[in-house]
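# Structural description and commentary
Here is what each chain is made of, one letter per residue.
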Amino acid sequence: MDSKSLPRRALLDTGVLIRALGEHPTDPRSADCRDFLDAMVAAGNDVLVGAPSLAEMIRAMAVPQAPSTNNIVVVPFDDQAAIVLGTTFPMVALKQLALKTGATLTYLKYDALIAACAIRHKADLLVTLDGRLSTQIPSSLRVASPSAFREKQLQLVSVDGGALVPPANGTKSSKK
Amino acid sequence: MASSERDKSGADALKLEIDGPGVHPQTVDPLLTLDLGRAYLRFLNKIADEAELNLEFKGLDIEDKCAALVFPSGKIAVAERVATDAHRMLAGAQLVSHRVEASANEFRAALRALPAGQSVAVLLRKTRLPIPPQSSVRLQPLRSVTKLRAMLIAVGGKQPTAKFTSKSEGTRPFTVRLSDIPTAQKLGALLFKEMDVEVRVERDPEGLIVAGELLDFTALTGTDPLESWRAWFRTAASEWDSIEDIDKELSRDEVLETWVPDA
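Reading the values: rules and limits
Residues numbered from 1 in each chain as written. Chains lettered and ligands numbered in written order. Predicted model: local features only at pLDDT ≥ 70, side-chain atom pairs only at ≥ 80, totals over all residues. Heavy atoms only, no water. Helix = DSSP H or I, 4+ residues; strand = E, 2+ residues; numbered from the N terminus. Buried < 20%, exposed > 50% of the residue type's maximum accessible area, 1.4 Å probe, protein only. Areas by Shrake-Rupley, 256 points an atom, 1.4 Å probe, with all protein chains shown as cover. Contact = heavy atoms within 4.5 Å. Buried area = accessible area lost by both parts, 1.4 Å probe. Salt bridge = Lys/Arg side-chain N within 4 Å of Asp/Glu carboxyl O. Polar contact = N/O pair within 3.5 Å; in protein donor to acceptor, adjacent residues only side chain to side chain. Nonpolar A, V, L, I, M, F, W, Y, C, P; charged D, E, K, R; others polar. Pairing = 2+ DSSP bridges. pLDDT = per-residue confidence, 0-100. Axes fitted to C-alpha atoms, helices over the stretch in contact; angles between N-to-C directions.

### Thoughts on the overall build of chain B
Of the regular secondary structure elements, chain B holds seven helices and ten strands. Relative to its 263 residues, chain B shows a buried fraction of 41%. Of the roughly 14,400 Å² of accessible surface on chain B, 54% is carried by carbon and sulfur atoms.

### So, the overall build of chain A
The number of helices and strands found in chain A is seven helices and seven strands. Each helix and strand of chain A, placed in order from N terminus to C terminus, yields the pattern β-α-α-β-α-β-α-α-α-β-β-β-β-α. Within chain A, buried positions represent 49% of all 176 residues. Partitioning the contacts of chain A with sequence separation of at least 6, the portion at a separation of at least 24 is 65%. A total accessible area of about 8,300 Å² is found for chain A, and carbon and sulfur atoms account for 55% of it.

### So, the environment of V63 of chain A
Take V63 of chain A: it is sitting in the loop between α3 (51-57) and β3 (72-75). Residue classification places V63 of chain A among the partly exposed residues on the basis of a relative accessible area of 31%. With residues near it in sequence (within four places) discarded, V63 of chain A still touches I58 of chain A together with W232 and A236 of chain B.

### A closer look at the interface of chain A and chain B
Listed as interface residues are 54 residues of chain A and, on the opposing side, 47 residues of chain B. Counting the surface chain A buries against chain B, the share from its top three residues, R59, S68 and K122 of chain A, is 16%. Taken together, the connections running from chain A to chain B amount to seven salt bridges. Across the pair R59 of chain A and E239 of chain B runs a salt bridge, and its minimum N-O distance is 3.3 Å. Between chain A and chain B we count 22 residue pairs in polar contact (both at pLDDT 80 or more) in total. Listing elements by their share of the side of chain A that touches chain B, those giving two or more residues are α1 (14-21), α2 (30-42), β2 (46-50), α3, β3, α4 (79-88) and α6 (105-120) of chain A. Partitioned by chemical class, the residues of the side of chain A that touches chain B number 24 nonpolar, 16 polar and 14 charged.

### Remarks on the pairing of strand β10 (residues 209-219) of chain B
Residues and elements named next belong to chain B. Pairing geometry for strand β9 (residues 194-203) and β10, over nine bridges, is antiparallel. Bridge pairing links R200 to E213 in β10. Taken together, β9 and the strand that follows it, β10, pair antiparallel across an intervening segment of five residues, in which G207 is found at a positive phi of about 90°.

### Here we look at the confidence of the model for chain B
All names here are of chain B. Across chain B, the average pLDDT comes to 86, with 88% of residues at or above 70. Taken together, the stretch residues 1-9 has pLDDT below 50 and engages in eight contacts with residues farther than four places along the chain or on a different chain. Across residues 252-263, where pLDDT falls below 50, the model places nine contacts with residues more than four positions away in sequence or in other chains. Interface confidence for the predicted complex, expressed as ipTM, amounts to 0.83; the pTM equals 0.65.

### Here we look at the sheet that holds strand β2 (residues 61-63) of chain B
Residues and elements named next belong to chain B. If you walk across this open sheet you meet the five strands as β2-β3-β1-β4-β5, and the pairing is antiparallel. On the outer flanks of this sheet lie β2 and β5 (128-130), each paired with one strand and no other. Recorded for the sheet is a direction-independent mean angle of 25° between the axes of neighbouring strands. Examined bridge by bridge, strand β1 (residues 13-19) and strand β3 (residues 67-72) share six bridges and lie antiparallel to one another. Along β3, the bridge assignment pairs K15 with V70.

In C-alpha cells, the structure reads:
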C-alpha cells in the first residue's frame, strides 16, 4: 500500500471489514482489504467501524465487547447520524436508487446507515467495494476501494547487463 | 458605485433580497443588512473554496425591490451554482461540511438577527430561492446519549468536570460534568490519553455540544489493534470465513423482504 496516499480517517464498509478481519484466501479482493487495514493501523491512522457493520458481521449468540484499541474505533449510529441519514439519504432517494441499481431496499438502507456514520463522525473517506450509494454521497466524503491505495506497479524493462530497472531510470543509467 | 446597464438588468448579478412590510433601501437597518450581505458572501466563498471553484464578485448595489443587495459577478454561472448549493445547505437538503459549517452558522445568525416579519430570498437570473427560516429547519434534540472516542484534555473542579476533544465532534472541545470526585481521580490518570466515553450531551441549534454528563468511560486496552480485532472476529463472526460469496450473503438477494413471525 502507498502509505503517503492513505486517508487520515476512513470508515470501512462491512464487506471490506469481513475480508480484512477474516480468512478468505480464495476471495480475489481479500488481500487488498487486509493490506489496507494493516497499512492504516501501521500508519497510525484512524479506522472507523460503523455500529451497523457490527450488526452485519456478528454471527454468534455470545459475543464479546468489541475491543477498545488504538486506531480502530467503533462509531455509533446516534442522533447526529440520524439527522445526516434523514437529510442526505431520504427514503425517496433510496427507493429511486433501488430501482436504478436493482439492489434491494434493505441492502441500500444498511449502506446508507453506514455512510451516515462516516459523515457524522467526520471520516475523510468511505472505503467500500460497492459504489452503489456514491451518487448520493455529498462531495465532502470521498469514496474509494482498498485497491486504490496499492502502490502503482512500475513497469520494469531490461537494460544493460540484464538488470531490471524502471524505464525512466533505465534511460538515465544507460547514458552513464 | 454606479451600476452599468448590464448590472441593472440583473443578468450578471446575484441578489440577496430582504422582504417584508415597509422594507425599502431607505428603511432597512444598515448594520444588520451589511452584516447579512457580508456573511452571505463569506458563506458562498467558503463553498466555492471547498469545490475549488473560482468565485468572482465585483461591485455592490442596492435595489429598491423591497431591499436587494446586488452583487455583480463576472462568472455568474459559477455564482449561481454556489448559491444553489448554499440554498440546499440552508434548506437541509445538502450536508454542510465541517469546513463550511462556521460560515454557514455566521449567515444563519445574521438571518436570525433580522427584525421579525422580514424574510430573505436569493434571486438568480430566472429563479427566486426563498431562504427558509433557520430556527425551524435544524431540529436538534436537546439531549441525547452517544459514545465517542475522545481525548481528555482537562479534569478537575470542586463540582468536577472533564474537558474532551473528539474527532467526531470537529475541533471544538466540550466539557461534561462528572458524577463525583473519585471518577475525576480515575480520569486524572488518563489525562491526554484517548478513551471511549459514553456521554449524555446537550447541543445548541447548530449541533455543537454545550453541556453534558459523563456516564461511563473505557480506557483503551493498549493491545495490538489488529490482533485484538481479528481475535474478536474469530469469536463473533468466523462463520463468514466459510461463506463463499460474501457480497451475495450481505445483499440478502435470496431473502424475502417480508418477514412473517412464527405463529
